[in-house]
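Structural characterization, general
So you can see what is in the structure, the chains are spelled out below.
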Amino acid sequence: MKIFFTIIFILLFFHSTTISQSRIEVRVISSLAESEKVFIAGNKPELGNWKPDKVTLDKINDTTWSKILEFKKDETIEFKFTKGSWAEEALDESGKIAGNKILKISKDTTLQFKVEAWGNTQPIITGQITGDVRYHKNFEGRSVLPRDIIVWLPPSYDSLSDKYYPVLYMQDGQNVFDPSTSSLGIDWQIDEAADSLIKTKSIQEIIVVGIYNSPMRGIEYNYTKFGHTYLNFIIEELKPFIDKTYRTLPDKKNTAVGGSSSGGLISFILAWEYSDVFSKAACFSPAFKIHKIDYVAPVRSYSGAKKEIKLFIYNGGVGLEEELQPGINEMIYVLEDKGLVENKDLLFVQENFAEHSESAWAKNVYRFLEFFFPVN
């Protein structure tokens, strides 16, 4: 049955100009089954933090659902509608998967969306990895939850048994190589990028270690007690294991780390606080200072010697990227103003029309690989 929905999204001010009250009204022209519900999923706690079955719209009658939601003025929200899972997401007029609805709340607004059907959020994916990878399933640490580790080996690893390699450690390892394990079906394609750059002699041969996240990602990838426990796990348990198991160059000069969003933040913290172990950090769309997170302050108050680290920082300009940019600007200003990092060792790339996504980060992987691992 073809379904047609008109979704009215109303933003109302109350109490003061700093708070907006939004009312979402969904008008269903063709009825759903009696047991079916409509959900909203988006990038804020009020929107369920992208959980497709957390925030239910209240059923008013057979054709209408509604919900009252509150947001701060100038907040940027991103959202979609589902019937409770990403397999049943609202599609666009052509029946294809639509992008996120993005709205910066600045005044009373009425938006209308037409949805003709529900469908799968992504195509069937079989997964593809270029090159040789080794898995270490349920790798255990003393004080962190077990997680999978995936290790990508360079082309010459098996044939040159006396050669040793630099190592890049990547957060959210399930998103790094394999689209079938990536959270949204799109991976960073570091395997394809590294393989191509190595074969064209654009970078050194490297080993890449993908560290899967855990259900505690939010507090492990942050400036918290659990975050420091996670850092200790990498330095004291995972890195020694990798250095023992594989032919690595274990010194700081040949050890790098990278990640995106909160993963970009924890990668920066790792290189900043343990610069005797890591000399390079790739920070994609990093959450340096946003909401309750503020890692700019510790850097600003630092009074020690200049850090001998290389930093690659990337950000887009749409949705969450726009919210992250002030913190990134502030961090770069502090680093440069205090002379904490040499200008030649800090590369910032911004793409104003890029969203907060693996596909955007994948397009820029080559930039930091060339910056970190040039051929001598």
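We now turn to the structure provided with this report. These figures come from a predicted structure and were not determined experimentally.

Cut-offs applied
All residue numbers here refer to positions counted from 1 along the written sequence of the relevant chain. The predicted origin of the model limits local features to residues at a pLDDT of at least 70 and limits the giving and counting of side-chain atom pairs to 80 or more, whereas totals for whole chains, interfaces and linings rest on all residues. Side-chain metrics in this entry use all non-hydrogen atoms of the structure; hydrogen atoms and water are not considered. We count a stretch as a helix when DSSP gives it H or I for four or more residues in a row; a strand needs E for two or more, and each element gets its number in order from the N terminus. Throughout this description, buried means an accessible area under 20% of the type-specific maximum (1.4 Å probe, protein chains only), exposed means over 50%, and partly exposed covers the range between. The contact criterion used is simple: two residues touch if any of their non-hydrogen atoms lie within 4.5 Å. For every accessible area listed, the method is Shrake-Rupley and the probe measures 1.4 Å; residues are considered covered only by the protein chains on display. The axes used here are C-alpha line fits, helices contributing only the stretch in contact, and every angle between their N-to-C directions lies in the interval 0 to 180 degrees. Note on angle classes: values under 35 degrees are labelled roughly parallel, values over 145 roughly antiparallel, values of 65 to 115 roughly perpendicular, and the remainder oblique. It is the rotation of the near helix from the far one that decides the hand of a crossing: anticlockwise by less than a right angle makes it left-handed, clockwise makes it right-handed. Classification used: nonpolar for Ala, Val, Leu, Ile, Met, Phe, Trp, Tyr, Cys and Pro, charged for Asp, Glu, Lys and Arg, polar for all others including Gly. A carboxyl oxygen of Asp or Glu within 4 Å of a side-chain nitrogen of Lys or Arg is what we treat as a salt bridge. Contacts described as polar in this section are N or O atom pairs within 3.5 Å, which, within protein, must combine one atom able to donate a hydrogen with one able to accept it, while residues neighboring in sequence count only if both atoms come from side chains. Here, nonpolar core refers to any group of buried Ala, Val, Leu, Ile, Met, Phe, Trp, Tyr and Cys residues whose side-chain atoms link them within 4.5 Å. Strands are labelled as partners when DSSP assigns at least two bridges between them. Aromatic pairing here means that ring centres of Phe, Tyr or Trp (its six-membered ring) are within 6.5 Å. Orientation follows from the plane angle: under 30 degrees is stacked, over 60 is edge-to-face, and everything else is tilted. Charge over a ring is defined by NZ of Lys or CZ of Arg lying within 6 Å of the ring centre and within 35 degrees of the ring normal.

**Some thoughts on the overall build of the chain**
What the chain contains, in helices and strands, is eight helices and 21 strands. In the chain, which comprises 376 residues, the share counted as buried stands at 52%. For the chain, the share of sequence-separated contacts (at least 6 apart) that also reach a separation of at least 24 residues comes to 72%. Roughly 17,200 Å² of accessible area belongs to the chain as shown, and the carbon and sulfur atoms make up 51% of that amount.

**Topic: the packing of helix 3 (residues 225–245) against helix 4 (residues 262–273)**
Viewed as axis vectors pointing N to C, helix 3 and helix 4 meet at an angle of 65°, and their least axial separation amounts to 11 Å. In terms of their interaxial angle, helix 3 and helix 4 are classed as roughly perpendicular. With respect to the hand of their crossing, helix 3 and helix 4 are arranged in right-handed fashion. Along the contact surface, helix 3 presents G227, H228, Y230, L231, I234 and I235, while helix 4 presents I266, I269, L270 and E273. In terms of residue class, the contact of helix 3 with helix 4 is built from seven nonpolar, two polar and one charged.

**Considering the pattern of salt bridges**
A full pass over the atoms with the stated rule returns 18 salt bridges. One salt bridge in this structure joins K163 and E205, with 3.0 Å as the shortest N-O distance. Of this pair, K163 sits in the loop between strand 13 (147–153) and strand 14 (167–170) while E205 is found in the loop between helix 1 (190–199) and strand 15 (207–211), placing the two residues 42 residues apart along the sequence. The exposure class assigned to K163 is partly exposed, which follows from its relative accessible area of 29%. The partner of R217 in a salt bridge is D172, with the nearest N and O atoms 2.8 Å apart. Taken together, the positions of R217 in helix 2 (residues 217–220) and D172 in the loop between strand 14 and helix 1 put the pair 45 residues apart, joining distant regions of the chain. One network of salt bridges, with partners in common, ties together E36, K83 and E88.

**Concerning unusual backbone geometry**
For D172, which is not glycine, the phi torsion reads 50° and is therefore positive. A relative accessible area of 5% means that D172 is categorised as buried. You will see that S285, though not glycine, has its phi angle at about 45°, which is positive. By the element assignment, S285 lies in the loop between strand 17 (280–284) and strand 18 (289–290).

**A closer look at the side chain of E205**
Residue classification places E205 among the buried positions, given a relative accessible area of 15%. Only 2.6 Å separates the side chain of E205 from the side chain of S156, close enough to count as a polar contact. Not counting the four nearest positions on each side in its chain, E205 is found in contact with P154, P155, S156, K163, Y165, P166 and I198.

**Comments concerning the environment of D345**
Relative to the helices and strands, D345 is located in the loop between helix 6 (320–337) and strand 21 (346–350). The spatial distance from the C-alpha of D345 to the C-alpha of K310 is 4.6 Å, given a sequence separation of 35 residues.

**Remarks on the nonpolar core**
In terms of nonpolar packing, the biggest core is built from 52 residues, with F268 and L335 touching the most fellow members. In this structure, W152, I198, F368 and F373 belong to the second largest nonpolar core, which totals 32 residues.

**Some details on the sheet that holds strand 20 (residues 310–315)**
Ordered by their spatial adjacency, eight strands build an open sheet running 12-13-15-14-16-17-20-21, and the pairing between neighbours is mixed. Of all strands in the sheet, those with a lone pairing partner are strand 12 (132–139) and strand 21, marking the two edges. Looking at each pair of strands side by side, their axes are set apart by 15° on average, direction ignored. Bridge analysis of strand 16 (residues 255–260) against strand 17 gives five bridges, and the strand direction is parallel. Its bridge partner lying in strand 17, G258 is registered against A282. Helix-sheet contacts for helix 6 involve strand 20 and strand 21, and the interaxial angle to strand 20 is about 155°.

**Some points on the packing of aromatic side chains**
Two measures describe an aromatic ring pair: the distance that separates the ring centres and the angle between the ring planes. Evaluated as defined, the whole model comprises 22 aromatic pairs. Relative to F368, the ring of F284 lies with its centre 5.7 Å away and its plane at 75°, an arrangement referred to as edge-to-face. Taken together, the residues F284 in strand 17 and F368 in helix 8 (residues 365–372) connect sequence positions 84 residues apart. As far as the burial class goes, F284 and F368 line up, both buried. If you follow R247 out to its NZ or CZ, it ends over the ring of Y157, 4.1 Å from the centre. For K307, the ring lying beneath its charged end belongs to W272, and the centroid distance is 4.9 Å.

**Let's talk about the packing of helix 1 against helix 8**
For any two helices packed against each other, one specifies the inter-axial angle together with the distance between the axes. It is the contact of helix 1 with helix 8, at a shortest axis distance of 10 Å, that shows an interaxial angle of 50°. Looking at the two axes, helix 1 sits oblique to helix 8. The hand of the helix 1/helix 8 crossing is right-handed. When helix 1 is examined against helix 8, the residues I190, A193, A194 and L197 are found in contact with a partner set consisting of V365, Y366, L369 and E370. Grouping the amino acids of the contact of helix 1 with helix 8 by side-chain chemistry returns seven nonpolar, no polar and one charged.

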